Amino acid sequence: MNASIYRSEYYVEKRTGTFADNLVAFGLAYVLDGIADSRARVTIADHGSHFAVICDPPLREDWVKNCQFFTGAFLLVTVDRKTQQKLIKGTRLAFNDVAAMVGVVEDYEQAKANNETYWMWRKSVGGQQPQLHPPVEPHPDWELFRAINPTALQAANSAAAEWFQGRVAFPALLETVLIYASTLPNDQEGAEKHWAAVCKLHGLHHTKQLSASQVINPTQGKGTANGKAIFAKPGNLSNFWLTEYLKWVGLRWAGFTRLIRDSKDRKIYVLAPNRLDWHDHRGIREEFRRLMVGSGGAIQLDVLAALRYTRAVLDYAAVTQSERLLTQIFGSHQGVNRLVYGLDSAYYKNLGQSAAVMNIARIGLPAWVQPRVRQDIQLYQNIIDEHIRIVRNLDEKRGEEYELLRLYRDFLSTNELTALLAFTDAYSGFVIQRDKLAPQFTVHHLEVIMSSIAPPLSKITQSRGFRNLAYAIRMATVEAHRRNLKRNQGRYDVSYEVRYGLGQELLRKSAYPNEFITALSEFIHDYNAENARMRERLERQGHSQPRGARSDVSIKDIDELLALMDEYRDPQMVASLLVAYGYASTFQRDETYTPDNDSGEDEESSSSDDDDVPENE
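The rules we used
- Residues numbered from 1 in each chain as written.
- Predicted model: local features only at pLDDT ≥ 70, side-chain atom pairs only at ≥ 80, totals over all residues.
- Heavy atoms only, no water.
- Helix = DSSP H or I, 4+ residues; strand = E, 2+ residues; numbered from the N terminus.
- Buried < 20%, exposed > 50% of the residue type's maximum accessible area, 1.4 Å probe, protein only.
- Contact = heavy atoms within 4.5 Å.
- Areas by Shrake-Rupley, 256 points an atom, 1.4 Å probe, with all protein chains shown as cover.
- Axes fitted to C-alpha atoms, helices over the stretch in contact; angles between N-to-C directions.
- Parallel < 35°, antiparallel > 145°, perpendicular 65-115°, else oblique.
- Left-handed = near helix turned anticlockwise from the far one by under 90°.
- Nonpolar A, V, L, I, M, F, W, Y, C, P; charged D, E, K, R; others polar.
- Pairing = 2+ DSSP bridges.
- Core = buried A, V, L, I, M, F, W, Y, C linked by side-chain atoms within 4.5 Å.
- Phe/Tyr/Trp six-rings, centres within 6.5 Å; stacked < 30°, edge-to-face > 60°.
- Lys NZ or Arg CZ within 6 Å of the ring centre and 35° of its normal.

*Asks:* Just checking my understanding: could you explain the overall build of the protein for this structure?
*Replies:* Tallying secondary structure elements over the protein gives 23 helices and 13 strands in all. Relative to its full complement of 617 residues, the protein shows a buried share of 55%. Considering only residue pairs separated by 6 or more positions, the protein has 74% of its internal contacts joining residues 24 or more positions apart. Summed over its atoms, the accessible surface of the protein is roughly 27300 Å², and 49% of this surface lies on carbon and sulfur atoms.

Now the structure itself:
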């Protein structure tokens with residue numbers, strides 16, 4: 001055997017430009033980690049035209065020769081509807097011959113029953129669920145089982161069975177993988193010849209190619225994909241069996257799938273690695289799976305997956321205190337993107353007996369998550385939780401809320417200030433439209449995000465005049481609405497008119513500086529006049545220090561804002577920032593944020609999240 005296959009770096013070509021390439025890379029990393037068996041660190045690195053899977057120290061021949069059989073994909077057992085007998089569809093294997101092999105066979109019907117039992121129990125106990133132990137836990141791969149059965153069942157089982165038969169010559173099977181991945185371009189021909197010789201020597205059934213299931217090959221469905229107009233049967237396309245097996249392994253260990261709420265459409269997500277240590281990946285993956293409970297709309301799932309994966313990275317870093325991981329994500333403008341660029345996804349539209357891929361995309365991770373020191377981890381965990389509350393409060397079936405989710409997803413994927421302000425502009429009008437105040441951004445958290453994506457803007461947001469004007473907008477809109485909802489509850493001596501359309505009016509006028517200044521001036525006039533009338537009335541009633549009174553906007557505040565507009569020469573951006581801060585919340589007195597006699601807000605609005613619910617079978 002050529003000694004060059006025992007090396008430190010292996011390769012995976014990017015042949016499709018979809019998550020199929022990512023799956024092969026993760027599948028290869030799983031195999032190499034199994035060979036190393038904790039004797040080497042395995043890392044996946046994106047090198048542009050290909051992925052590199054790096055072993056440190058390099059793999060050794062004796063590790064391969066002495067390696068015990070393992071598999072990263074499972075054989076999924078189902079029940080024949082006619083005979084009611086368990087079988088492994090798509091293979092020559094008898095169920096009884098492999099039933100006792102832990103980690104090799106998974107029972108679909110048992111997993112389905114466990115999942116139904118768990119969700120029935122969860123629904124019955126309601127809010128007590130966190131304090132109780134369920135009668136049975138759902139299988140961690142249940143959603144993957146549902147994605148495979150029935151449309152991809154034969155393809156998945158065939159690939160797992162091909163690897164499984166190689167257990168009688170396992171070192172030679174591993175050598176086939178190394179031959180394929182040790183050169184660039186990948187040596188598929190050499191791997192095929194080597195595996196054919198192994199099969200002949202051991203009397204194994206030799207399979208060259210397997211059907212390319214769309215579950216793991218989103219651009220390879222039924223039909224033809226030829227560059228020339230030649231005749232071909234409209235059947236499934238096929239690929240080298242080994243790469244298909246590695247894709248199924250990759251889907252299990254780096255993929256995530258959910259049904260879209262209230263439909264049978266499906267989304268599959270696969271990590272797009274930048275430079276990801278396999279050991280760290282396994283730990284982050286477990287935390288991510290714990291966080292991604294329940295379902296959502298198509299766009300909502302995209303956003304939740306990106307936010308919760310980032311949360312999982314922070315949780316894992318906080319628990320493990322891994323200096324290597326902390327060094328990688330700390331002190332960088334990329335933040336968590338130094339590990340993973342995002343999530344490559346495919347949308348599968350249910351067509352009854354089959355599914356069609358409707359969309360292929362990449363959802364970016366929030367690059368503004370840029371912890372500098374350990375204490376920043378808690379800060380960013382809180383920020384992400386705040387964003388998750390806001391996103392989960394939106395109903396994708398409603399036109400306005402659908403658009404809000406789309407705008408927020410654009411912000412995640414672009415990490416641009418204009419995208420963030422487009423969302424906050426639209427969200428400002430949504431916050432006070434309901435009988436219950438919607439979850440809000442907090443001022444401090446907005447400052448953290450904006451300092452990450454546009455540091456020069458701190459001069460605007462730290463300006464006292466800007467903050468006092470944002471305070472006035474808040475007190476005339478969100479805070480006034482909140483007090484009305486609570487009917488004051490005896491906490492305030494005064495209530496004010498709610499200016500419901502103020503944010504939208506200022507934003508509409510912001511395209512024309514003169515009209516914006518006019519609109520803002522009219523608001524300030526009405527705001528200060530209302531304050532004066534209220535003070536006069538309260539003085540007649542003998543209230544010298546009324547609870548909940550507002551402070552006026554001063555001439556100096558207006559001058560400071562006008563100076564900022566002159567300096568930045570972008571009135572729309574300044575207006576968007578002003579509205580974003582005006583409709584955000586603040587938890588406690590901040591003397592740099594409001595005048596001395598500001599009453600302010602002293603509590604966060606509650607989230608209207610619903611409990612997670614199971615998806616329809």
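Moving on from the coordinates now.
*Asks:* Can you help me understand the packing of helix α14 (residues 399-414) against helix α15 (residues 417-431) in this one?
*Replies:* Two quantities define a packed helix pair, namely the angle between the axes and the distance from one axis to the other. Contact pair α14 / α15: the axes reach a minimum separation of 8 Å and the direction vectors enclose 155°. Compared by their axis directions, α14 and α15 come out roughly antiparallel. In the crossing of α14 with α15, the sense of the turn from one axis to the other is left-handed. The segment α14 lies against α15, with Glu400, Glu401, Leu404, Leu407, Tyr408, Asp410, Phe411 and Thr414 engaging Ala419, Leu420, Ala422, Phe423, Ala426, Tyr427 and Phe430. Residue composition of the contact of α14 with α15, grouped by class: 11 nonpolar, 1 polar and 3 charged.

*Asks:* Just checking my understanding: could you explain the sheet that holds strand β13 (residues 355-364) for this structure?
*Replies:* The strands making up a sheet associate through hydrogen bonds between their backbones, and the pairing can be parallel or antiparallel. Within the open sheet, the 4 strands sit side by side as β9-β10-β12-β13. Their pairing is antiparallel. Single-partner strands in this sheet number two, and they are β9 (255-259) and β13. Across the sheet, the mean angle separating the axes of adjacent strands is 20° when strand polarity is ignored. The pairing of β9 with strand β10 (residues 266-273) spans 5 bridges and is classified as antiparallel. By the bridge assignment for β10, Leu259 is matched with Arg266. Packing against the sheet, helix α1 (residues 19-36) makes contact with β10 and β12 (340-350), and its axis sits at approximately 60° to β10.

*Asks:* In this structure, what is going on with the nonpolar core? I would like to understand it.
*Replies:* One recurring pattern in soluble globular proteins: nonpolar side chains tend to sit buried together. With 188 residues, the main nonpolar core has Trp163, Trp248 and Tyr427 as its most contacted residues. Beyond its immediate sequence surroundings of up to four residues, Trp163 is in contact with Val31, Phe69, Phe70, Thr71, Phe170, Leu173, Leu174, Val177, Trp241, Leu242 and Tyr245.

*Asks:* Teacher, can you tell me more about the packing of aromatic side chains here?
*Replies:* Any pair of aromatic rings gets described here by the distance separating the centres and the angle formed by the planes. Considering all chains together, one arrives at 27 aromatic pairs under this definition. Between the aromatic rings of Tyr180 and Phe240, the centroid separation amounts to 6.1 Å while the plane-to-plane angle is 40°, which identifies the pairing as tilted. Within this pair, whereas Tyr180 is found in helix α7 (residues 170-181), its partner Phe240 is found in strand β8 (residues 238-240), the two being separated by 60 residues in sequence. Counting every residue linked through ring pairs, the aromatic cluster contains Phe26, Tyr30, Phe69, Phe70, Trp163, Phe164, Phe170, Tyr245, Trp253 and Trp278. The lysine or arginine in question, Lys14, covers the ring of Phe51, its NZ or CZ lying 4.7 Å from the ring centre. In this arrangement the basic side chain of Arg550 is found over the ring face of Tyr496, its NZ or CZ atom lying 3.7 Å from the centre.

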